[in-house]
Amino acid sequence: MSTAFAADRVVGANATLDIEPGARSAALGSATLAVEGDYLGLGTNAYQLTQAKYMWASFSHTAYYEDTKYDYASMVIPLPKNQGIGVSFSRFGADDIPYIREGDPLPDGSDYNTLSIADWVFSVAWGRRIIDRLDLGLVFHVLYRDMDQSGWGFRGDASARYQIKDDFYVAGLLKGWTSSATSWESGEFEYSSPEFYLALSYSLPVQYLYGKFNFYWQSAGFFHREARDLDFETDTNGKRIWENPLDWLSGGRGGVEFAFDFGLKLRAGLSSFTTFKSVTAGAGLTIAKFLVVDYAFESHPVFSPVHRVSVSFSPYLFGHKPREEGHLSKTAAAKKLVTEEEVPAEDFVEERVQEPVAPQVEPVVETVAPVDSVVPAADVPLVNPGVNEPKTSTEPTTLTVPQTPVQAPVTPASTTPIIETDDEILE
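Because the structure is predicted, anything quoted here is derived from the model rather than measured.

Things to note about the overall build of the chain
In step 1: Within the chain, the regular secondary structure consists of six helices and 17 strands.
In step 2: Here the chain, with 427 residues, has 35% of them falling under the buried criterion.
In step 3: Nonlocal contacts in the chain, meaning residues at least 24 apart in sequence, comprise 54% of its contacts between residues at least 6 apart.
In step 4: Carbon together with sulfur atoms contributes 60% to the accessible area of the chain, which is approximately 25800 Å² in total.

Structure, rendered in structure tokens:
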């Protein structure tokens, strides 16, 4: 079997899969694992699909040195029950490369034959909330390489994020849990062992600046020191965490972002804490909720700087206002659970309505005065209608004497129950 099939353990098999496509994460030192809401980073943090509310289409373009270009496109589709799916397609390569076939004479002028080399990658990602505060994401990559000889590559990654507090998260990435393997048409087979990364993110609202600070950090690899040797020549030590924790921490990357409430975001970061020549910067702008434009500048201690631009667009938000339903954060979901009723929100008005009470009329009771209280007729003048002169009589007279009305028990008027508003329920 060894003669028919050669398997070589290498460093960085399918390294094209590790290129940072999104301008937002690139401006934050490529601490992609910690950044949520950058759907161009699905290859690293597929867990963010659990927070997707709307369909998003994202595109990015990067021009590297020597006319090498990297183009990336992705689409996110939300699904019920706090889950979502994403697909992406990318091409990394160079075109119009002049070459001369072996044995051919040198051409006159610039009449060279040209060729193209490229890596084509297709990825499928899925994310779901497993339990409260815990999100899980899986992504599978298929790579086709078109060079002097063609080849196929494959890798599977798994990421997870746990909410420690409302604005504090910890995330982990097991890269290449299926192993990162490449098969060439020559029959050679290459693979790289799995690697694990850790990331932290924290948000700090600043009301008097009308926005909030977002802090991101991503560690170096846990298992292999060569994972750091790939980044910069200054990472010569690359001790693992159990060998030298401080040296391992210095191999990480991170960034800070200030997000204004009106949609502007300013960013800065370091792609490696071992050198300030790896500084990154950028900005982003959200336009009318449905369009996000990001830019990133990345310096390098050896190569020339890189400029990266990405655009994200939501077809639903283009023609509709943001809706309340969807995958909410724990705090928003708790608030929605408390206030959710069958009665529409506009009907929750606090008022006390009393039923109208009929006016009470004092009853007049006619009573016959007792004999002792009969007034002699001589003392009582009687008026006969139609006769102008008074008329006297000697007979006893019955008088109508008003009596004090009897106070009958009054039943209190029934009132409708108090309807409480959403805010009072929350209090």
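Brief notes about the pairing of strand E12 (residues 211-218)
In step 1: Examined bridge by bridge, strand E11 (residues 195-206) and E12 share eight bridges and lie antiparallel to one another. Bridge pairing links Leu-200 to Trp-217 in E12.
In step 2: Joining the antiparallel neighbours E11 and E12 is a turn of four residues, in which Tyr-210 adopts a positive phi near 55°.
In step 3: Judged from the eight bridges that link them, E12 and strand E13 (residues 253-260) form a sheet pairing that is antiparallel. Pairing of Gln-218 across the sheet is with Arg-253, part of E13.

With respect to the pattern of salt bridges
In step 1: Throughout the structure, instances matching the rule amount to twelve salt bridges.
In step 2: Between Arg-129 and Asp-135 there is a salt bridge; the shortest N-O distance is 2.9 Å.
In step 3: The class for Asp-135 is buried, based on a relative accessible area of 2%.
In step 4: A salt bridge links Arg-161 to Asp-135, with the nearest nitrogen and oxygen atoms 3.5 Å apart. Pair noted here: Arg-161 is in strand E7 (residues 150-165) and Asp-135 is in strand E6 (residues 134-146), with a separation of 26 residues, a long-range link. Taken individually, Arg-161 and Asp-135 each receive the classification buried, so the pair is uniform in this respect.

Observations regarding a nonpolar patch on the surface
In step 1: Residues Met-55, Met-75, Ile-77, Leu-79, Val-87, Phe-89, Trp-120, Phe-122, Val-124 and Trp-126 make up a contiguous nonpolar surface patch of roughly 780 Å² in combined accessible area.
In step 2: For the nonpolar patch, the secondary-structure elements that each account for two or more residues are strand E3 (69-79), strand E4 (83-99) and strand E5 (113-131).
In step 3: With four residues, the top contributor of residues to the nonpolar patch is E5.
In step 4: Relative to the helices and strands, Ile-77 is located in strand E3.
In step 5: Using a relative accessible area of 31% as the deciding quantity, one classes Ile-77 as partly exposed.

Regarding the packing of aromatic side chains
One pair of aromatic rings is described through two measures. These are the centre distance and the angle between the planes.
In step 1: Going through the model one piece at a time under the given rule, you end up with 19 aromatic pairs.
In step 2: For the ring pair Tyr-70 and Phe-92, a centre distance of 5.9 Å and an interplane angle of 80° mean the geometry is edge-to-face. Note that Tyr-70 is positioned in strand E3 and Phe-92 in strand E4, a separation of 22 residues in sequence.
In step 3: Pairing Phe-290 with Phe-318 gives two aromatic rings, centres 5.1 Å apart and planes at 85°, and the pair type is edge-to-face. Placement of Phe-290 in the loop between strand E15 (279-287) and strand E16 (291-298) and of Phe-318 in helix H4 (residues 315-319) is noted, with a sequence separation of 28 residues between them.
In step 4: Put simply, the rings of Tyr-64, Tyr-65, Tyr-70, Tyr-72, Phe-92 and Phe-303 pair up and form one aromatic cluster.
In step 5: A cation over an aromatic ring shows up here: Arg-161 above the ring of Tyr-169, its NZ or CZ 4.0 Å from the ring centre.

Rules behind the numbers
- Residues numbered from 1 in each chain as written.
- Predicted model: local features only at pLDDT ≥ 70, side-chain atom pairs only at ≥ 80, totals over all residues.
- Heavy atoms only, no water.
- Helix = DSSP H or I, 4+ residues; strand = E, 2+ residues; numbered from the N terminus.
- Buried < 20%, exposed > 50% of the residue type's maximum accessible area, 1.4 Å probe, protein only.
- Contact = heavy atoms within 4.5 Å.
- Areas by Shrake-Rupley, 256 points an atom, 1.4 Å probe, with all protein chains shown as cover.
- Pairing = 2+ DSSP bridges.
- Salt bridge = Lys/Arg side-chain N within 4 Å of Asp/Glu carboxyl O.
- Patch = residues over 30% accessible without salt bridge, like charges linked within 9 Å, V, L, I, M, F, W, Y side chains within 5 Å.
- Phe/Tyr/Trp six-rings, centres within 6.5 Å; stacked < 30°, edge-to-face > 60°.
- Lys NZ or Arg CZ within 6 Å of the ring centre and 35° of its normal.

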